[in-house]
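# Summary of structural features
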Amino acid sequence: MRYAEYYGMQSIFDTLYLKSKEGCSFNRLYELITSDNNILLAYRMIKSNKGSKTQGTDQFSIDDFNSYSQDEFINTIRKTLDHYKPKLVRRVFIPKPNGDKRPLGIPSMLDRLIQQMVKQVLEPICEAKFYKHSYGFRPLRSTHHAKSRCDTLINNAQLHFVVDIDIKGFFDNVNHTLLLKQLWNIGIKDRRVLAIIGKMLKAPIEKEGIPRKGTPQGGILSPLLSNIVLNDLDHWVAGQWENFKTKHPYTQRNKYAALKRTKLKEGFIVRYADDFKIFARTSQDAYKWYHAVKQYLKERLKLDVSPEKSMVINLRKKSSNFLGFKFKAVPKGKKHVAHSFISDKKKDQIKKRINKLITEIKLSPTPKTISQWNSFVLGLHNYFKFASHVSMDFQEIAFRKSRFMFNRLKSISRYGRPKRPPPTYSKFYKNNNKTWEVAGTLLFPLQDISKSKPLNFSQESTPYNAEARESIHVNLKFHVQVELSKLIRSDVWDRTLEYSDNRLSRYSGVQGLCEVTGLFLQAEEVHCHHYEPLSLGGTDKYNNLCIIHSDVHRLVHATEDKTIEHYKSILQLTDAMIDKINLYRKACKLVSI
């Protein structure tokens with residue numbers, strides 16, 4: 001989020017969002033997309049992404065642009081767009097949990113940069129028009145928000161009939177002509193931009209040729225385009241009940257009471273990407289929604305429904321799966337409440353992954369294999385901690401895998417309660433749960449988890465509003481645990497075990513805040529600086545490490561005036577921050593800036 005502020009684009013994005021909210025159309029977006037700052041911001045966003053090293057069919061990665069001057073890079077992008085023709089998309093297949101393979105399309109690096117430029121400008125316009133209960137591939141929204149919305153509809157609204165709809169091959173069957181019309185209707189009316197998007201959709205795919213329909217999974221712009229396609233469905237469903245326009249003004253509560261006296265079908269949609277549910281009060285309403293949505297998708301969006309995977313479920317009798325969770329409505333007093341679990345399918349995937357990781361530790365008990373296990377467990381706990389029966393689920397998984405783990409780890413580790421656990425372990429896990437200690441490092445215990453309540457979520461939260469953005473920056477410190485699980489996965493296997501552990505402890509100790517700027521750092525922004533460099537006799541001890549932003553770290557070690565001025569300008573440092581950087585530079589035997 002801060003990158004847009006560094007490059008002076010945030011106020012422009014805020015204005016686009018506000019104007020889109022007011023119903024304005026946009027005819028001059030091409031100039032914004034090709035502006036210097038938007039191009040440089042796209043480069044920064046791609047570079048900070050872990051996929052920046054992945055090459056397309058042209059064998060280019062983001063590092064191949066490092067030798068370009070700023071003007072040369074900007075002119076290359078603009079020249080490419082003058083007569084834009086996307087390069088061949090590289091086709092790769094990644095394994096799916098069910099054993100099948102999912103096709104991904106990897107555009108060339110130049111095409112990825114152009115997609116990122118377009119996305120940056122289009123996203124604030126689209127965000128202003130998207131339905132409030134759409135949660136997939138949107139900033140500041142997650143699967144947990146979608147899950148929490150389902151809980152609310154079951155617990156508070158007492159809606160216990162759910163319509164499960166599965167769109168057959170959604171990403172492969174998006175109609176290109178219809179998508180461009182939907183972009184126009186949202187307010188994106190710059191014909192040059194629409195032409196560029198049209199060419200992106202028609203980019204030839206390796207060994208397949210030019211696609212007639214679909215948005216290739218793997219493209220930077222594809223998630224945004226998929227939300228645009230299904231935004232019509234969201235508003236169509238909401239317009240028949242939740243946002244139904246009445247002749248007389250009502251409060252929301254009185255409006256619903258009045259609507260219940262009509263023959264309208266009550267229903268609320270919750271969507272995450274192409275996975276969505278409609279909650280209804282009666283089975284009659286649920287079946288009406290099922291047939292109506294099936295017809296709407298076919299006639300209006302040219303999409304087919306998978307009949308074997310689409311159904312109406314009574315949550316009082318059967319459970320329904322959504323985003324890895326399993327829901328059921330269970331009696332409590334005079335009401336029914338939502339009970340949520342890990343889905344059976346997800347449990348099977350977790351058990352298979354446990355087998356693989358424990359076997360790897362058995363064969364090679366190194367910091368790398370141990371960190372992979374700890375990252376896996378912490379990630380699972382972060383994701384499923386909002387399920388009401390998560391503790392019971394993980395106890396069952398741990399029990400079923402206990403014999404397997406004992407047989408493979410008994411010869412290389414010690415099993416028992418931790419005696420002096422490191423700070424990272426103590427922050428997240430209790431000492432009264434037994435666990436394995438391998439090569440001096442504790443394995444995170446599967447069964448040590450308790451349910452967490454979903455954090456308050458405001459539908460007004462958006463990165464394109466100054467007030468909301470400020471509150472977001474304040475509250476980011478609560479996401480230390482999520483970012484820690486990412487840091488554990490990051491590649492530091494060539495460093496000492498002491499460094500790996502103290503790096504995590506330091507990040508946890510400073511609550512994820514940069515020790516120079518005071519801003520919250522996401523995992524991909526974190527650099528760990530040695531106050532006294534290793535080359536000058538420094539160590540990997542906790543007190544010799546500093547958690548700082550990657551750009552701050554580059555500034556600490558910069559020796560060329562041009563580089564120093566570049567990072568000073570984008571970081572917007574105060575005098576106190578510069579004084580701290582100079583302390584670090586002095587310890588590194590470098591001159592002050």
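In case you missed it, the structure is sitting above this.
A brief report on the enclosed structure follows. Remember, it's a predicted structure, so these values are computed and weren't measured experimentally. (Residues numbered from 1 in each chain as written. Predicted model: local features only at pLDDT ≥ 70, side-chain atom pairs only at ≥ 80, totals over all residues. Heavy atoms only, no water.)

## A few points about the packing of helix H14 (residues 367-384) against helix H15 (residues 390-409)
Running from N to C, H14 and H15 point in directions that differ by 155 degrees, and their axes come no closer than 11 Å. Between H14 and H15, the angle is such that the two are roughly antiparallel. Once H14 is placed against H15, the crossing between them reads as right-handed. The residues of H15 that touch H14, namely those facing Trp373, Leu380, His381 and Phe384, are Val390, Phe394 and Met405. Of the residues assigned to the contact of H14 with H15, the class counts are 6 nonpolar, 1 polar and no charged. (Axes fitted to C-alpha atoms, helices over the stretch in contact; angles between N-to-C directions. Helix = DSSP H or I, 4+ residues; strand = E, 2+ residues; numbered from the N terminus. Parallel < 35°, antiparallel > 145°, perpendicular 65-115°, else oblique. Left-handed = near helix turned anticlockwise from the far one by under 90°. Contact = heavy atoms within 4.5 Å. Nonpolar A, V, L, I, M, F, W, Y, C, P; charged D, E, K, R; others polar.)

## Focus on the sheet that holds strand S11 (residues 435-438)
Spatially, 3 strands are ordered S10-S11-S12 in an open sheet, and the strand pairing comes out antiparallel. For this open sheet the edge positions go to strand S10 (413-416) and strand S12 (441-442), each flanked by a neighbour on one side alone. Pairing of S11 with S12, which is carried by 2 bridges, proceeds in the antiparallel orientation. Residue pairing in the sheet places valine 438 in a bridge with threonine 441 of S12. (Pairing = 2+ DSSP bridges.)

## A closer look at the side chain of arginine 506
Structurally, the position occupied by arginine 506 is in helix H19 (residues 497-509). The class for arginine 506 is buried, based on a relative accessible area of 14%. Among the polar contacts made by the side chain of arginine 506, one reaches the side chain of glutamate 515 at a distance of 2.9 Å. Setting aside chain neighbours within four positions, we find arginine 506 in contact with Glu515, Tyr542, Asn543, Leu545, Cys546 and Ile547. (Buried < 20%, exposed > 50% of the residue type's maximum accessible area, 1.4 Å probe, protein only. Polar contact = N/O pair within 3.5 Å; in protein donor to acceptor, adjacent residues only side chain to side chain.)

## A closer look at H14
The terminal C-alpha atoms of H14 lie 26 Å apart, and with 18 residues this matches the ideal 26 Å at 1.5 Å per residue to within 8%. Where burial is concerned, most of H14 is hidden: 13 out of the 18 residues are buried. (Expected span 1.5 Å × (residues − 1).)

## Here we look at the sheet that holds strand S7 (residues 320-322)
The strands that make up a sheet pair up through hydrogen bonds in the backbone, lying either parallel or antiparallel. Strand order across the open sheet formed by 3 strands is S7-S8-S9, with antiparallel pairing between neighbours. Each end of this open sheet is capped by a strand with a single partner; those strands are S7 and strand S9 (335-342). Going across the sheet, the axis of each strand differs from the next one's by a mean of 35 degrees, ignoring polarity. For S7 and strand S8 (residues 325-332), the ladder comprises 3 bridges, and the chain directions are antiparallel. Bridge pairing links serine 320 to phenylalanine 327 in S8.

## Comments concerning the nonpolar core
Nonpolar side chains tend toward joint burial in soluble globular proteins. Of all hydrophobic cores here, the largest spans 166 residues; its most connected members are Leu233, Leu297 and Trp373. Ranked by the residues each element gives to this core, the list is headed by helix H6 (residues 109-127), at 10 residues. Each residue touching leucine 297, except ones within four places of it in the same chain, is listed here: Ile165, Ile167, Leu233, Phe276, Lys302, Leu303 and Val305. (Core = buried A, V, L, I, M, F, W, Y, C linked by side-chain atoms within 4.5 Å.)

## Considering the packing of helix H13 (residues 344-363) against H14
Packing of H13 against H14 brings their axes to within 9 Å, and their N-to-C directions diverge by 160 degrees. When the axis of H13 is compared with that of H14, the two are roughly antiparallel. Every pair of crossing elements has a handedness; the one defined by H13 and H14 is left-handed. Of H14, the residues touching H13 (which contributes Lys346, Ile350, Arg353, Ile354, Leu357, Ile358, Glu360 and Ile361) are Thr369, Ile370, Gln372, Trp373, Phe376, Leu380 and Phe384. Split by residue class, the contact of H13 with H14 holds 10 nonpolar, 2 polar and 3 charged.

## Remarks on the packing of aromatic side chains
Within this structure, the stated rule accounts for 22 aromatic pairs. Ring geometry for phenylalanine 65 against tyrosine 68: centres 5.3 Å apart, planes inclined by 70 degrees, an arrangement best described as edge-to-face. Residues tryptophan 373 and phenylalanine 376 carry aromatic rings whose centres are separated by 6.1 Å and whose planes lie at 55 degrees to one another, so their mutual orientation is tilted. Placement of both tryptophan 373 and phenylalanine 376 in helix H14 is noted, with a separation of 3 residues, approximately one turn of the helix. Take tryptophan 373 and phenylalanine 376: they sit in the same class, and that class is buried. Joined through ring pairs, the aromatic side chains of Tyr43, Phe60, Phe65, Tyr68 and Phe73 make up one cluster. (Phe/Tyr/Trp six-rings, centres within 6.5 Å; stacked < 30°, edge-to-face > 60°.)

## Topic: helix H4 (residues 36-47)
With 12 residues, H4 ought to run about 16 Å at 1.5 Å a step, and its terminal C-alpha atoms sit 17 Å apart, in line with that. For H4, the set of buried residues is Asn38, Ile39, Leu40, Leu41, Ala42, Tyr43, Arg44 and Ile46.

## Points about the pattern of salt bridges
Applying the stated criterion across every chain yields a total of 25 salt bridges. The salt bridge partner of glutamate 266 is arginine 281, with a shortest N-O separation of 2.9 Å. With glutamate 266 in the loop between helix H11 (252-259) and strand S4 (268-272) and arginine 281 in the loop between strand S5 (275-280) and helix H12 (283-299), the pair connects residues that are 15 residues apart, well separated along the chain. Between glutamate 437 and arginine 414 there is a salt bridge; the shortest N-O distance is 3.2 Å. Placement of the pair is glutamate 437 in strand S11 and arginine 414 in strand S10, with a sequence separation of 23 residues. Each member of the salt-bridge network shares a partner with another, and the members are Lys347, Lys351, Asp393, Glu396 and Arg400. (Salt bridge = Lys/Arg side-chain N within 4 Å of Asp/Glu carboxyl O.)

Coordinates in, geometry out; function isn't part of it.
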